[in-house]
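Chains, contacts and geometry: an overview
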Amino acid sequence: GQVVNPYAGSGAPILTTTGAANTVTLANNSLLDGVVIQSASGFAGVYGSGLATVTLSNATFSGTGTALRLLDGGAAATATLTNLSLSASGGGAAVDFSGAGAGSLTVTGSGLNVSHSGSGSLLTIADILVGGGNLSFGTVASTASGAGVDLGSVAGLGTLSFGSITVAGASGSGVALHNSSATVNLGNVTVSGAAGAGIQLTSNSGATTIGAIDISS
C-alpha cells in the first residue's frame, strides 16, 4: 500500500485511531510519505511485522503509544526510514525495532529524531541488521524518567549512529550497548539521574565511538 500526503506541512489531517489498535498497520511494500500519525496508549502509531521493502519518509508519528514498532515476524523484514519525527508521551517505548524472532530485521535510514516525555523507554533496538546504507539518528532525547536507550545485538554491514542522546532519570542504564558487532557511533551523550550506569558497554565486538559525555546524578 501507499499513503502520500501532497499537502505535508500545510495543516493536513492527522491519522488517528478511535479503538484499541495500532493506527496504521503496514503491509509488504508499504510507503508512507509526508503524513502525520498519532498513536493510542498501549499501541503503535505505525506497526509492521514480517514485512519486506517498507519505506517511511518525511513524516511525524506521535501520541501516548509507541510512535513506530517494527518486528521481524519470522521473515526477512526490511525497512528504509528517512526524515522522521518520532515521539511518545506514555508508558511504552517511543521507538521499538526487534529482529529477535525467527526471522531478521534489516533497517536503513537517516534523519530520525526521537523524543519521549513519558515513563517508557526512549529507544529499544534488539537483534537488528543495519543495512549497508547505514542507520542514522539525529537527536534522541527524553525529558522524563523512563528506561533510556537500549541497543542489543546490533549487527550488519552499516553503521548505527546518533547525533546526540539525552536521557533524563532512566530507571536503569541511561544508554546500554551490548552483544553487538556493528560499528556504532553514539554521538554526544548526556545522562542525568540514571538508576544504573550512565553508559554501559558490554560484550561488543564492533567499533564504538562516543562524542562528548556529560553524566550526572
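Look above for the structure.
Reading guide: rules and limits
Residues numbered from 1 in each chain as written. Predicted model: local features only at pLDDT ≥ 70, side-chain atom pairs only at ≥ 80, totals over all residues. Heavy atoms only, no water. Helix = DSSP H or I, 4+ residues; strand = E, 2+ residues; numbered from the N terminus. Buried < 20%, exposed > 50% of the residue type's maximum accessible area, 1.4 Å probe, protein only. Pairing = 2+ DSSP bridges. Core = buried A, V, L, I, M, F, W, Y, C linked by side-chain atoms within 4.5 Å. Contact = heavy atoms within 4.5 Å. Phe/Tyr/Trp six-rings, centres within 6.5 Å; stacked < 30°, edge-to-face > 60°.

Glancing now at the environment of Gly109. Locating Gly109 in the fold gives a position in strand β10 (residues 104–116). The exposure class of Gly109 is buried, given its relative accessible area of 8%. In this structure the C-alpha to C-alpha distance between Gly109 and Val130, which are 21 residues apart in sequence, comes to 9.0 Å.

Bringing the pairing of strand β9 (residues 95–98) into the picture now. Side chains Val95 and Phe97 of β9 all project onto a buried face; the interleaved residues Asp96 and Ser98 project onto the opposite face, where all are buried too. Across four bridges, strand β7 (residues 66–71) lies against β9 in parallel orientation. Residue Leu68 lies in a different strand from β9, and its bridge partner there is Val95.

Counting 51 residues, the largest nonpolar core has Leu56, Phe61, Leu68, Leu81, Phe97, Phe137 and Leu151 as the members making the most contacts within it. When residues in this core are grouped by element, the largest group, six residues, is from strand β8 (residues 76–88). Apart from the residues lying within four places of it in its own chain, the contact partners of Leu151 are Leu123, Ile125, Leu160, Phe162, Ala176, Leu177, His178, Ser180 and Leu186.

Further remarks concern the packing of aromatic side chains. Taken as a whole and judged by the stated rule, the model has one aromatic pair. Aromatic side chains Phe137 and Phe162 sit 5.0 Å apart centroid to centroid with 10° between the ring planes, which places their arrangement in the stacked category. Highlighted residues: Phe137 in strand β12 (residues 129–142) and Phe162 in strand β15 (residues 159–168), separated in sequence by 25 residues. Assigned by exposure class, Phe137 and Phe162 land together as buried.

Sheets are built from strands paired through backbone hydrogen bonds, the pairs being either parallel or antiparallel. Here we have eight strands laid out as an open sheet, ordered β2-β5-β7-β9-β11-β13-β16-β19, and parallel in their pairing. In this open sheet, the two strands that pair with only one neighbour each are β2 (24–25) and β19 (199–202).

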